[in-house]
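# Geometric and topological summary
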Amino acid sequence: MAKKKGKGPKGKGSGGRDDAAWARTDVIEREHMHNDRMEKYYKAQNILPDDEWSQFLESMRDPLPTTFRVAGSRQAARMLNDTIKDVHVPHLAGVVFEGEAVSPPRQIPWFPDGLAWQLNVAKRVVRKSPEFKKFHSFLVFETEVGNISRQEAVSMLPPLFLEVKPHHRVIDMCAAPGSKTAQLLEALHAHDTINSSAIPSGLLIANDSDYKRTHLLIHQSARLPSPALMVTNLDASIFPAIKIPSEQTTFPSSTKARIAAKKQYQLLFDRILCDVPCSGDGTLRKNPGIWKHWSPMDGNGLHSLQLRILQRAMRMLKKGGRIVYSTCSINPVENEAVVAAALKSIPGFELIDMSDHLPGLIYRPGLTSWKPTVAREINTDFATYEDYIQSLTESQRASSKMLVSHWPLTAEEAESLGLTRCLRIYPHLQDTGGFFIAILQKKAPVRIPAATGASKDPAESKRSADAVEGLDRSDVKKPKLDAEPQEVGPMEEAEEELPEEVIDDPAPSMDVDESAPTTETKDDGPTIRFKKGKTAEGASAHFKENPYTFIAPDDPIIKACTETFDLSSNFPSSNLLVRNPAGDTVRSLYLVNDIVKSIVTHNEYARIRLMTCGTKTFGKQEGTEAKREGAETHFRVLAEGLPVVLPFVGPKAIVEADFAALKIFMEGYYPLTSGFAEPFRSMITAKANGSYVARFQPGQLDGVTLTHALVLPIWKSNVSAMLMLDKRAKSALSMRIFGEDITAAGRDAAAKKKQPGEATPEAVQVDAPVLEDGGADASENAGAGGIPDTE
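Attention in this report is confined to the structure presented alongside it.

### What to know about the pattern of salt bridges
- Applying the stated criterion across every chain, the model contains 24 salt bridges.
- In this structure, E142 engages R736 in a salt bridge whose closest nitrogen and oxygen atoms are separated by 2.8 Å. Of this pair, E142 sits in helix 6 (residues 130–144) while R736 sits in helix 25 (residues 727–738), and the two are 594 residues apart along the sequence.
- D275 is the salt-bridge partner of K180, the closest N and O atoms lying 3.1 Å from each other. Residue K180 is located in helix 8 (residues 179–188), and its partner D275 is located in strand 12 (residues 269–275); the two are separated by 95 residues in the primary sequence. The residues K180 and D275 share a single accessibility class, namely buried.

### Here we look at the packing of aromatic side chains
- Using the criterion set out here, one finds 22 aromatic pairs in the structure.
- Relative to Y605, the ring of Y548 lies with its centre 6.0 Å away and its plane at 70 degrees, an arrangement referred to as edge-to-face. Taken together, the residues Y548 in the loop between strand 18 (501–502) and strand 19 (549–550) and Y605 in the loop between helix 21 (594–602) and strand 22 (610–613) connect sequence positions 57 residues apart. Each member of the pair, Y548 as well as Y605, carries the same accessibility label: buried.
- Against the face of F550 rests K597, its NZ or CZ located 5.3 Å from the ring centre.

### Some words on helix 20 (residues 556–564)
- Within the sequence span of helix 20, burial applies to I557, I558 and C561. Down the axis of helix 20, the buried side of the element spans an arc of 100 degrees, and every buried residue falls inside it. For helix 20, the exposed residues set more than 90 degrees away from the buried face come down to P556 and E563.
- Against the buried residues of helix 20 lie strand 20 (576–578), strand 21 (588–591), strand 23 (615–620) and strand 24 (635–637).
- Sitting at the head of helix 20, D555 places a side-chain oxygen 2.9 Å from the backbone nitrogen of I557.

### Overview of helix 23 (residues 659–667)
- Within helix 23, burial applies to F659, A661, L662, F665 and M666. For helix 23, the arc enclosing every buried residue in end-on projection is 155 degrees, short of the 170-degree limit, so these residues lie on one face.

### What about the sheet that holds strand 20?
- Taken together, five strands build an open sheet; the order of strands is 19-20-21-23-24 and the sheet is antiparallel. The two strands at the open ends of the sheet, each matched to only one other strand, are strand 19 and strand 24.
- Taken together, the three bridges between strand 23 and strand 24 define a ladder with antiparallel strand orientation. Paired with F618 across the strands is V637, a residue of strand 24.
- Against the sheet, helix 20 contacts strand 20, strand 21, strand 23 and strand 24, and its axis sits at roughly 75 degrees relative to strand 21.

### A word on the pairing of strand 5 (residues 116–119)
- Side-chain alternation along strand 5 places A116 and Q118 on one buried face and W117 and L119 on a second face that is also buried.
- As paired strands, strand 1 (residues 66–70) and strand 5 are joined by four bridges and run antiparallel to one another. Bridging across to strand 5, R69 finds its partner in A116.
- Where strand 4 (residues 106–107) lies against strand 5, two bridges are found, and the strand directions are antiparallel. For R106, the partnering residue across the bridge sits in strand 5 and is Q118.

Cut-off values and rules
For every chain, the first residue of the written sequence is number 1, and numbering continues from 1 along that sequence. Side-chain atom pairs in this predicted model are given and counted only at pLDDT of 80 or more, local residue features only at pLDDT of at least 70, and totals for whole chains, interfaces and linings cover all residues. To obtain the side-chain values, all non-hydrogen atoms of the structure were included, while hydrogens and water were left out. We define a salt bridge as a contact between a side-chain nitrogen of Lys or Arg and a carboxyl oxygen of Asp or Glu at a distance within 4 Å. Starting at the N terminus, helices and strands are each numbered in turn, a helix being any DSSP run of H or I of at least four residues and a strand any DSSP run of E of at least two. We call a residue buried when its accessible area falls under 20% of the maximum for its residue type, exposed when it is over 50%, and partly exposed in between, using a 1.4 Å probe and counting protein chains only. Working definition: a ring pair exists when centres of Phe, Tyr or Trp rings (six-membered ring for Trp) sit within 6.5 Å. Plane angles under 30 degrees give stacked, over 60 give edge-to-face, the rest tilted. We call a charge positioned over a ring when the NZ of a Lys or the CZ of an Arg lies within 6 Å of the ring centre and within 35 degrees of the ring normal. Think of it as the arc spanned by the lines of direction from the helix axis to the C-beta atoms. In this analysis, two residues are considered to be in contact whenever any of their non-hydrogen atoms come within 4.5 Å of each other. Pairs of N or O atoms are called polar contacts if they sit within 3.5 Å, as long as, within protein, a hydrogen donor faces a hydrogen acceptor (for residues adjacent in sequence, only side-chain-to-side-chain pairs). A pair of strands is treated as paired once DSSP finds two or more bridges between them. Throughout, an axis means a line fitted to C-alpha atoms (over the contacting stretch in the case of helices), and angles, computed between N-to-C directions, take values from 0 to 180 degrees.

Set out below in structure tokens:
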């Protein structure tokens, strides 16, 4: 979910709140889970009928169930899901722990294809029950390699409402830590198979304003490597215009010459996810510390930022495109108030009804009226913004943070906007967290015919800024957000037909506050200048990430890789890049698709604060043999890049192997070639040293069945060969195929487990610190099953 407000130490940017306590899940007992201000505030909002109020509050005090999603390509996900359904669930049925029956995992009813699961099991059961310990180990291994996503149920919803297709251009504006980004990537790769990945024509930009959290985002998205992915580190409310070259070569006869002559356009998106920063009171079940510190002023303070982010998204959307706005808050000031203000300020958008999109999902409609509080102690006496302003002195008015958009619209306006089409998720409805979702769509602009004898005054004949679709204008200069709709002038028909918006001039750098001192450029990297207070959180104004340099297809390294792996002529070798300014192929080659290449080559990477893009496909072999003086440099295909490269790999680089060979590879670090059975032994012995792609055929061995072919990278040395997977990936594969960890690393871990005082492998994996929302460790925010939550 989007991160919650509050980042610094007490009294610094957090409203005096103890942020560590907010992230803790063990700081409050059930009998202390009360907050008079919160209960009074939400009672005043009429979010629920009186007969549901007690049930709602009791549900908010219950621990949140463990939920997880089977991730990856659809074909692979369905196979793993069948393993859970047909093997693990029957094994867990009928388990009794300390005299009480324990329920097995059950599928979440509204998630497509039954790929999401819920587990209501206490941690002590998972840790002590032999049956659940085995299932827990399976989940931990699969989570580590990205086949399972430990994700709160309601957090899975926004990507489902976006309905992303492989050709869509998508941006996740507040993406970290990345669970929703992973879902969007899976949708882009809907046509992938178990072993190979198509290169989608679409795009996903995953953005986050926090520099440190973008690294967590990169780590999460690496579990589903994609040539269509870009990660940026920008303030979503002032996300810059991205330039792309013209994709249109023919124009209607009515197109003005200056439009047809344009060479660059602003990239507009088909789908945008705005899972914005919020107060997070919908996560009370996961973060009970909120009971102690909840304040309505958190939501009031975030309202303006949330509105600016949504407005920026609306200006970057294509006609017919879709935005999903979501929060893990139940506060209407952060939800319906933001949506209403955005719809009023930018015409041409509508809320769409997707109430039947997920059969089985229980929700409540959006609110049409609410009562903002102007004080921490809940003062909802002011029916309108005007009433509130009139009650203040001149000095109080100047310092007030309340906006007219905090207050509800009239009943007629709320009805015309269709606020009831928003979806509110409450904990007592389906045993989840609290959540809010609104789905906005951009309508085709309405042409207003010019009136006869219209004024010749240029000021009257100019189109307003908001009438120009996608114009890169920021609202941050406005001290107050104008909730009144802008007048829409006549649209130029020629521009209506363009695929993207015209950029008249090269996109400028981010705005600079002229009153603030400028930063000098240093030799260690390009300097990015920001408006005062707009430097990305956690990073200096100097953007020190390495640049992106595309390698010529005739580069010796590219030619060597092409020959080694017998790559077909349609392999996009011109889309390979390296991360250094000189273009030296130092360690890794990254592959991107055409639209990502277009963005990288037409935009200054430091201006858009590009953290990473594409997927690693080839890496320099850096073993002992490769380091010998005079040894030829070898590049190997990487496990993460193999699915993308596989469709282009020729028979020369593929070695056929059987199930028995796979087991030998799994059991040893560097198995000798002489230890394999024929015919694989002779075949691999005769191969020259280097990187190959092994295709392991289905078969049976010692009562275990490999149901489908596996394609994995291997490395052949003088007298040995090895499977080029990291230890955790090998262990997860072993658990999936053999039902136990037969790897050398697994045996070593089991031996250590028998030694007194040594941590078990499971404990190491479960308790390893993984940054969470708000900066908490995963061990503290883990669900009942103890699996790290990657929301």
